[in-house]
Amino acid sequence: DDQIERERASQRLSGGCCALAAVYLMGKFYVANAGDSRAIIIRNGEIIPMSREFTPETERQRLQFLAFLRPELLGKEFTHLEFPRRIQPKELGKKMLYRDQNMNGWAYKKIEEDDLKFPLIYGEGKKARVMATIGVTRGLGDHDLRVFSSNIHIKPFLSCFPEVQVYDLTQYEHCPDDVLVLGTDGLWDVTNDKEVAAVVMEVLTSYEPNDPCRYTMVAQELVVRSRGVLKERGWRLANDKLGSGDDISVFVIPLGGPGNYT
């Protein structure tokens, strides 16, 4: 992240990206995630999560705590408090549910002038945004990212530090159908873990265990199904829901070789 910042002037590059990495070292997989990509292991049909997404919703308390400690980062335009909806001026003096950086649940407070400011985190699900701008809270770059039509920098709220999970391959016997799946949010936006596992099993069983292309074909099938088919009303999935409008990158990594097949 520091290198990207140093090079942004010489390379004249802006923007940022999420990062998901899997490192195999001495019998263990280390999976590091910074962003909203996801990794799962499918072992004997069982789904083992190897990462979690970092979004304004999942990191709400971290973001609110930073804003509480350093209110100057909010530029006098935002509040670190969260409310179920935007506060209207006519509601000054009334009571409304809220929560701060220390709260998992909600409580009531009397609405004050500062509460009329735009919330630090606004929206729900995929529409949740930090300062109405970005929907992911960890990654690399975005050093120049600002709130629209303002000088408020968003980078202080974005972390480049990944969360790392470890999987010990020596603890289990793996067959050729056991895999590690890495995918960007374009895959997971329209496909859940169980659906991915079903596609993995469906495609793998149509190939011989010693056929190395079987894993590439799984990745290809996951991309194709998440994108959908182009119809009059746009890209549609098999269930006629909208296909993924985001980038879709998928890796399928085998955990066991043909010699381990039982």
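Quick caveat, the model's predicted, so the values are computed rather than measured.

Some words on the domain arrangement of the protein chain
Part 1: Looking at the assigned domains, one finds that the protein chain contains domain 1 (1-52 + 162-254) and domain 2 (59-157).
Part 2: Averaged C-alpha coordinates put domain 1 and domain 2 at centres separated by 31 Å.
Part 3: On the side of domain 2, ten residues touch domain 1, which itself brings 17 residues to the contact.
Part 4: Between domain 1 and domain 2, a total of about 1,100 Å² is buried, with carbon and sulfur atoms accounting for 52% of that surface.
Part 5: Summed over the three residues of domain 1 that lose the most area to domain 2, namely D1, R8 and C17, the buried surface amounts to 35% of that side.

Brief notes about the sheet that holds strand β17 (residues 250-254)
Part 1: Strands sit in the order β5-β4-β14-β17 across an open sheet of four strands; the sheet is antiparallel. Each edge of the open sheet is held by one strand with a lone partner, namely β5 (46-49) and β17. Sheet twist, expressed as the mean angle between neighbouring strand axes with direction ignored, is 20°.
Part 2: Summarising the sheet, strand β4 (residues 38-43) and strand β14 (residues 179-183) pair through five bridges and their orientation is antiparallel. Paired with I42 across the bridge in β14 is V179.
Part 3: Strands β4, β5 and β14 of the sheet are contacted by helix α4 (residues 193-204), whose axis makes an angle of about 50° with β4.
Part 4: Across the face of the sheet, helix α5 (residues 213-227) comes into contact with β14 and β17 while running at roughly 150° to β17.

Conventions and cut-offs
Residues numbered from 1 in each chain as written. Predicted model: local features only at pLDDT ≥ 70, side-chain atom pairs only at ≥ 80, totals over all residues. Heavy atoms only, no water. Domains from an automatic or database assignment. Contact = heavy atoms within 4.5 Å. Buried area = accessible area lost by both parts, 1.4 Å probe. Pairing = 2+ DSSP bridges. Helix = DSSP H or I, 4+ residues; strand = E, 2+ residues; numbered from the N terminus. Axes fitted to C-alpha atoms, helices over the stretch in contact; angles between N-to-C directions.

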